Amino acid sequence: MSRILNHRVRASLKKPSWSPIDKRAVAFSIYTGRSLLLHKPAPNHIPRRKYGMLVARAVRGMLKIRYLILGGAVGGGMTLNKKYAEWKDGLPDMGWLNELLPDNDQWDKFTTTLISAKDKIGDQLQIDPRLRDAGLARAAELREWLAQRYEDAVAAAAVNNTTNEMEPAPKIVNNLQSKPAPATASSRSPGEEAAAYEKRIHSLQEEVLSLQARYQRELQRLEQENRELRQQNMLLRQGRQPPTKKMKRSLIDMYSAVLDELAGWEAGEAGRLPRVVVVGDQSAGKTSVLEMIAQARIFPRGAGEMCTRAPVKVTLSEGPYHVAQFRDSSREFDLNKESDLADLRKEVEMRMRNSVRGGRTVSTEVIAMSVRGPGLPRMVLVDLPGVISTQTVDMAADTREAIKQMTKQYMDNPNAIILCIQDGSVDAERSNVTDLVASCDPQGKRTIFVLTKVDLAEENLANPNRIRRILEGKLFPMKALGYYAVVTGRSRKDDSIQSIREYEERFFRSSKLFKEGLVSAAQVTTRNLAMGVADCFWRMVRDSVEQQADAFKAMRFNLETEWKNTFPRQRELDRDELFERARAELLDQSAELSAVPAAAWEQRLHNALWASTAERIFSGIYLPSAAQAHDDVDKFNTAVDIKLREWAESELARQSIEAGREALREEFAELLARSTETDPVYEPVKKAAVEEALSRHQWEERAQDVLRVLQVNALQDRCVRSRAEWDAAVALMDTALRERLQAVENDLKTLTGPSFRDRWLRWQYTSEEQSRRAEVRAELEKLGTNRPALSYDEIVAVRDNLRRRGVEVDNEYIRETWRPVYLRNFLQRAQARARDCKKSYYLYSQQNGQEKECCEVVMFWRVQAALRTTANALRQQIANREAARLDRDLREVLDEMSADPELKKKLLSGRRVELAEELKRVRQVQEKLEEFIEALNKEK
């Protein structure tokens, strides 16, 4: 087709009567079917060209429909991800679109067919004007939507035909010829044909639009899910929990969320939000009243002992199912199943017992739970431990006072509704809670009095009018908004809530006191009590919530002002954000362990090995061997061989592991010290995490066996191979002797006091004990200090000489003084031998290692070779295994620290952290309050 069109364009452009503008217009009209020269008829008009223009218009109409279908199907299919391939299975087979345009041979046949069809049909293809106007009105809307897509498709086809002129077009089947006309087409009128054609076009268009809209909606949904999954994955990689999906919540759930934010923050304005506080004497029926309101036996029972040991906040709300759930748990307990009820009671009991650790009887830690169900009133109740008059021996000493203070703290909230529970079966004079309630709410503006166990009261009391006086507020000295009488059971723990409710209603219907109208019907049954408390609760909430929101807004402004003035150029990072930053910085520094050069590692490990083994080498090998040999070189070498092997087989590998751990600790400390841009507030966290990770880190067990084999083989070699190694051994020996000699001289100075020079120039004085030691030292030096031990005769001689000068000492005293004196002389002589041996390597090499004068240098060379081999092996173990294992231990420690709020609070402290924490909490409470107020106003 492209060849034919190009040929015709070139043929038309060869006409001399056409200008260049006219030539371009003809080419454009052939490609697009739009004529730009309608105002200027072409001279020498040829009928064949007229047919060609008709064919081009017909092809344009067919291409318009197919580009529409192609744009809808391909545009929707290409945008879907491969991940969602199942949607492609539902697509219709659109393979025929690949064979839409004919090739050159088929184009000639197709053109001839169209021309012959035109001659046969004639003017029957003309559309009725009325149908045309109706179709144009409907197609106008579609044309605006498809204009851009159609133009893009036409432009793409034109560009493709221009750039691929030399390439053969793909083989395309003529779909118009392959579909025979209906048998009844000849009998249809032109209007019916046009209407059927228009209807078919419209149906195809609607189908394409519907399919594309469907794919567009699905694509948007899948893209949204993909974004949420990427966000959750990022949060999980950072060790943070992804936020729960925000769902529409009820008013009471939103209000309960505000109270949860204020848990443990009961000071000042924070504890002034309304709630229903259930108070009463022990075993007065507080828990039973709450269960009747919640319509489920959700609390554990106890036979005469204290069951409520901590405040229990219960959020009641309506819902389709009767379920309970703890604030910090995702499990829902089905309250219609006895097994779930038993599990719920066990969970409550376990949480209460966990809250009273450390020998306490009661706790201020709040246990928060929510109960939803059909017909439940919407309110928040706090069940407190019962007030006691006498504490038993198994209670803590401050139990009675702790319960009273806790109860008073909750009741002192001016917006708290006090639900005062009084046992009707006991004498009113035995009540402890009424006086406490009267002291907190003397006017009774927020107190509701509830008399329980009325059935027992009516049965046992000789004067039933006493109950009437209580419900009229004439017996107790306290005042209340309302008085209620309820029956919460028959002292049988297996009774269901429904059976108790039926028993309560039967009792009030048959009771003489209540049947005679002495008490209002609205004052009886837990149903009326629940409705009355809920109405009072919501009135209190509506009256006070705006004021509380303003208080938190002012608190937030004050805190933000303090932050701007105190920390003007720092971000408000709370404790969790600071910990995450410290965690990331510490893990980055841990990764730098692998970048430490091998030479630096080996030098650090060698120093750590020498520091941990120097004492053992001197005290366990060198000095005993020298003392045992008495200047006999062969005995010295034999003793050294035996002791070095024993040391390598028993202790050296373990000491090497400890040295490797110490080197890791030092390298970590230097990495932390080199980070100059770190925030000082991170340092306690990083230091604690590194210390804990290093204490947990255990070297692989097989590493010790590998080190032992390497060390034994290294110590067996006695031949120094080069002058550099000889000089290094002499330097090690000289340094070690100098350090040891300095330590011995310090010990001697401590024993015998300052020298003559120090006494005169520095005004230092000697004690009596130091003077005695100095006398003993002077006497011992007269004997000579070349032997490691004194004989008995020598000790006796020294003691006699000292006695003549008036110094009384015993034999052990002399031996204690002799040892540092001998060591000082021995180390001085060893230093002299080391200096002499420094120039003896030539003699040593000429004798093939048989030179005996410098056997001490050979011993230090063997030790140095063993330490060098050990340092190299430890460095490889650190690089290959231990650094990665330490990093894993560090991550585990950081994860544990992240889950421990108390530890984070201890490590991340200071006014900056505390102020950021307060700001975070105030903002959260304010946002939740504003959200609740907005929902509350909508409900009004």
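Residues numbered from 1 in each chain as written. Predicted model: local features only at pLDDT ≥ 70, side-chain atom pairs only at ≥ 80, totals over all residues. Heavy atoms only, no water.

Caption draft 1: Looking closely at the overall build of the protein. Counting its secondary structure elements, the protein contains 32 helices and nine strands. A total of 940 residues make up the protein; the buried ones form 43% of that total. Put simply, of all contacts in the protein between residues at least 6 apart along the chain, 79% involve residues at least 24 apart. Summed over all atoms, the accessible surface of the protein reaches about 52,400 Å², with 51% contributed by carbon and sulfur. (Helix = DSSP H or I, 4+ residues; strand = E, 2+ residues; numbered from the N terminus. Buried < 20%, exposed > 50% of the residue type's maximum accessible area, 1.4 Å probe, protein only. Contact = heavy atoms within 4.5 Å. Areas by Shrake-Rupley, 256 points an atom, 1.4 Å probe, with all protein chains shown as cover.)

Caption draft 2: Seen up close, the packing of aromatic side chains. Enumeration according to the criterion identifies 18 aromatic pairs in this entry. Arranged with centres 6.1 Å apart and planes meeting at 85°, the rings of F326 and F333 form a pair that is edge-to-face. Summarising the burial analysis for this pair, F326 and F333 share the class buried. Taking the ring centre of Y813 as reference, the NZ or CZ of R773 above it sits at 3.8 Å. Directly above the aromatic system of F579 lies the positively charged group of K904, at a separation of 5.5 Å from the ring centroid. (Phe/Tyr/Trp six-rings, centres within 6.5 Å; stacked < 30°, edge-to-face > 60°. Lys NZ or Arg CZ within 6 Å of the ring centre and 35° of its normal.)

Caption draft 3: Expanded view of the packing of helix α19 (residues 575-591) against helix α30 (residues 855-898). At a closest axis distance of 11 Å, the pairing of α19 and α30 adopts a crossing angle of 175°. If you check the angle between α19 and α30, you find them roughly antiparallel. Residues F579, E580, R583, L586, L587 and S590 of α19 form the contact with α30, whose own contacting residues are D887, L890, R891, L894, D895, M897 and S898. Grouping the constituent residues of the contact of α19 with α30 by class yields six nonpolar, two polar and five charged. (Axes fitted to C-alpha atoms, helices over the stretch in contact; angles between N-to-C directions. Parallel < 35°, antiparallel > 145°, perpendicular 65-115°, else oblique. Nonpolar A, V, L, I, M, F, W, Y, C, P; charged D, E, K, R; others polar.)

Caption draft 4: Just the state of the cysteines, in detail. One pass over the structure, following the stated rule, counts one disulfide. Linked covalently through their sulfurs, C837 and C854 form a disulfide whose S-S length is 2.2 Å. On the sign convention where negative means left-handed, the S-S torsion of about -100° between C837 and C854 marks this disulfide as left-handed. Highlighted residues: C837 in helix α28 (residues 811-837) and C854 in the loop between α29 (841-846) and α30, separated in sequence by 17 residues. For the residue pair C837 and C854, the accessibility class agrees, reading buried in each case. (Disulfide = S-S within 2.5 Å.)

Caption draft 5: Representation of the sheet that holds strand β6 (residues 379-383). Strands sit in the order β4-β3-β5-β2-β6-β1-β7-β8-β9 across an open sheet of nine strands; the sheet is mixed. Edge positions in the open sheet fall to β4 (333-334) and β9 (482-485), since each of these has one partner strand only. Where strand β7 (residues 417-423) and strand β8 (residues 447-452) come together, six bridges link them in parallel fashion. From the neighbouring strand, I418 faces β8, where its bridge partner is T447. Sheet contacts for helix α10 (residues 286-294): β1 (276-280), β2 (312-318), β5 (367-373), β6, β7 and β8; angle to β6, the most-contacted strand, approximately 160°. (Pairing = 2+ DSSP bridges.)

Caption draft 6: Region of the structure containing helix α16 (residues 497-510). With 14 residues, α16 should cover 20 Å at 1.5 Å per step; its first-to-last C-alpha distance of 20 Å lies within 8% of that length. Among the residues making up α16, those that are buried are I497, I500, R501, Y503, E504, F507 and F508. One side of α16 holds all its buried residues, which, seen down the axis, span an arc of 165°. (Expected span 1.5 Å × (residues − 1). Arc of directions from axis to C-beta.)

Caption draft 7: Summary view of a nonpolar patch on the surface. Side chains of F756, W760 and L761 sit close together on the surface and give an oily, nonpolar patch of about 430 Å² of accessible area. Mapped onto the fold, L761 is located in helix α25 (residues 756-761). For L761, a relative accessible area of 61% translates into the label exposed. (Patch = residues over 30% accessible without salt bridge, like charges linked within 9 Å, V, L, I, M, F, W, Y side chains within 5 Å. Salt bridge = Lys/Arg side-chain N within 4 Å of Asp/Glu carboxyl O.)

Caption draft 8: How the structure looks around the pattern of salt bridges. For the coordinates displayed, the defined rule picks out 60 salt bridges. The shortest N-O distance in the salt bridge between R805 and E775 comes to 3.4 Å. Of this pair, R805 sits in the loop between α27 (792-804) and α28 while E775 sits in helix α26 (residues 768-783), placing them 30 residues apart in sequence. Look at E775 and you get partly exposed, because its relative accessible area is 33%. Close ionic contact of E856 with R833 constitutes a salt bridge, the shortest N to O distance being 2.8 Å. Placement of the pair is E856 in helix α30 and R833 in helix α28, with a sequence separation of 23 residues.

Caption draft 9: Molecular detail of the environment of R297. Checked against the element boundaries, R297 lands in the loop between α10 and β2. Each C-alpha atom of the pair R297 and T287 lies 9.2 Å from the other, and the pair is ten residues apart in sequence. A polar contact is formed between the side chain of R297 and the side chain of E291, at a distance of 3.1 Å. (Polar contact = N/O pair within 3.5 Å; in protein donor to acceptor, adjacent residues only side chain to side chain.)

Caption draft 10: Structural context of the side chain of S256. By the element assignment, S256 lies in helix α9 (residues 251-261). Ignoring any residue separated from it by four or fewer positions in sequence, one finds S256 in contact with K313, T315 and V380.

Caption draft 11: Structural context of the packing of helix α20 (residues 598-629) against α30. Taken N-terminus to C-terminus, the directions of α20 and α30 make an angle of 135°; their axes are 8 Å apart at the nearest point. It follows from the interaxial angle that α20 and α30 lie oblique. As α20 packs across α30, the resulting crossing turns out to be right-handed. Split into classes, the residues belonging to the contact of α20 with α30 amount to 16 nonpolar, five polar and four charged. (Left-handed = near helix turned anticlockwise from the far one by under 90°.)

Caption draft 12: Structural detail: the pairing of β8. The buried count for β8 comes to six of six residues, which makes it a mostly enclosed element. Burial along β8 is two-sided: the face carrying T447, F449 and L451 and the face carrying I448, V450 and T452 are both buried. In the sheet, β8 pairs with β9 via four bridges, with the strands oriented parallel. Opposite V450, over in β9, you have Y484 as the bridge partner.

Caption draft 13: Structural view of helix α22 (residues 683-696). Taking 1.5 Å of rise per residue, the 14 residues of α22 would be expected to cover 20 Å, and the 20 Å separating its terminal C-alpha atoms lies within 8% of that figure. For α22, every residue scored as buried is listed here: V685, K686, A689, V690, A693 and L694. An end-on view of α22 places all buried positions within 150° of arc, on one side of the element. Those residues of α22 that are buried lie in contact with α19, α21 (633-674), α30 and α31 (901-907).

Caption draft 14: Representation of the nonpolar core. If you look at the biggest cluster of nonpolar residues, it comprises 101 residues, and the most contacted ones within it are W610, Y622 and W726. Take this core: its biggest share by element is 19 residues, from α30. Sequence-distant contacts of W726, defined by excluding residues within four places in its chain, comprise V720, C837, K838, S840, Y841, Y844, C854, V857 and V858. Counting residues in hydrophobic clusters, the runner-up holds 68 residues, among them L251, M379, I448 and C536. (Core = buried A, V, L, I, M, F, W, Y, C linked by side-chain atoms within 4.5 Å.)

Caption draft 15: Up close: the environment of V437. By secondary structure assignment, the location of V437 is in helix α13 (residues 433-440). For the pair V437 and K479, spaced 42 residues apart in sequence, the C-alpha to C-alpha distance is 9.1 Å.

Keep in mind these values describe shape, not function.
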